[in-house]
Amino acid sequence: MTDQDSRPRLCQVVLDCLDARALAEFYRALLGLVYRPGDEPPEAGADDERGRDWLVLRTPGGASQLAFQQVDELPEATWPQDGVPQQLHLDLTVPSVEDLRAQHDRVLSLGGRLLLDRMDDEEEPLRVYADLAGHPFCVFVSRRGASEPL
């Protein structure tokens, strides 16, 4: 017998990638996350066995957020063009257009690529990027309070 309290809960979002360490580093730097203990990069010159398989990033408080699973093949999404759909993307929010402009420079400096620019959208300014593995993600202005649900 189950009830409302026994429902599954979302643990983390897992992204397939050709280089788990590189993609984990991209999102670690972009979002200010930290590695799960044991998943940190090895010392220079040491073998990165975990980085060739599975890595987890958490909030500084310890909540799981993103995991990275290395695969041998990964067709890059071609969205917004036809071909290979995005299948999944991450939505990231900032409180103002000024913050959106600042994050644009950060994303590009970390190796992200701009796919779609809707900065001039009056209701919801946004930009869509591709991460190092080609996964699309959005950064948009949310005028809602931080504690309000989207």
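So, here's what we can say about the structure. Model, not experiment: these values are computed from the prediction.

Quick look at the overall build of the protein
If you tally the helices and strands in the protein, you get two helices and eight strands. In the protein, the succession of α and β elements from N to C terminus is β-α-β-β-β-β-α-β-β-β. The dimensions of the protein, computed from C-alpha atoms along their principal axes, are 50 × 45 × 30 Å. Taken over 150 residues, the protein has a buried fraction of 33%. For the protein, contacts bridging at least 24 residues in sequence account for 53% of all contacts bridging at least 6. The average position of the 15 basic charges and that of the 28 acidic charges among the side chains of the protein differ by 4 Å.

Considerations on the sheet that holds strand E7 (residues 126-130)
Taken in spatial order, the four strands line up as E5-E8-E7-E6 in an open sheet, and their pairing is mixed. The outermost strands of the open sheet, each flanked by one partner alone, are strand E5 (90-94) and strand E6 (113-118). Sheet twist, expressed as the mean angle between neighbouring strand axes with direction ignored, is 20 degrees. Relative to strand E8 (residues 136-141), E5 runs parallel, the two sharing five bridges. Following the sheet pairing, Val 94 is matched in E8 by Val 141.

Quick word on the pattern of salt bridges
Using the criterion set out here, one finds eight salt bridges in the structure. For the salt bridge of Asp 39 with Arg 50, the shortest nitrogen-to-oxygen distance reads 2.7 Å. Residue Asp 39 is located in the loop between strand E2 (34-35) and strand E3 (54-58), and its partner Arg 50 is located in the loop between E2 and E3; the two are separated by eleven residues in the primary sequence. With a closest N to O distance of 2.4 Å, Arg 113 and Glu 76 form a salt bridge. Of the two residues, Arg 113 is situated in strand E6 and Glu 76 in the loop between strand E4 (64-70) and E5; the sequence distance between them amounts to 37 residues. Using a relative accessible area of 36% as the deciding quantity, one classes Arg 113 as partly exposed. Relative accessible area serves as the criterion here: at 39%, Glu 76 is assigned to the partly exposed category. By sharing partners, the salt bridges in this structure join Arg 36, Asp 39 and Arg 50 into a single network.

Observations concerning helix H1 (residues 20-31)
Counted at 1.5 Å a residue, the expected span for H1 with its twelve residues is 16 Å, and the 16 Å between its end C-alpha atoms agrees. Regarding H1, the residues found buried are Ala 20, Arg 21, Leu 23, Ala 24, Phe 26, Tyr 27 and Leu 30.

Overview of the environment of Leu 92
If you trace the backbone, Leu 92 turns up in strand E5. Taking the relative accessible area as the measure of exposure, Leu 92 reaches 16% and is therefore buried. Taking the C-alpha atoms as reference points, Leu 92 and Ser 142, separated by 50 residues in sequence, lie 9.2 Å from one another. Residue contacts for Leu 92: discarding those within four places in its chain leaves Leu 30, Leu 31, Phe 137, Cys 138, Val 139 and Phe 140.

Conventions adopted
- Residues numbered from 1 in each chain as written.
- Predicted model: local features only at pLDDT ≥ 70, side-chain atom pairs only at ≥ 80, totals over all residues.
- Heavy atoms only, no water.
- Helix = DSSP H or I, 4+ residues; strand = E, 2+ residues; numbered from the N terminus.
- Buried < 20%, exposed > 50% of the residue type's maximum accessible area, 1.4 Å probe, protein only.
- Contact = heavy atoms within 4.5 Å.
- Lys, Arg positive; Asp, Glu negative; His and termini not counted.
- Charge placed at Lys NZ, Arg CZ, Asp CG, Glu CD.
- Pairing = 2+ DSSP bridges.
- Axes fitted to C-alpha atoms, helices over the stretch in contact; angles between N-to-C directions.
- Salt bridge = Lys/Arg side-chain N within 4 Å of Asp/Glu carboxyl O.
- Expected span 1.5 Å × (residues − 1).

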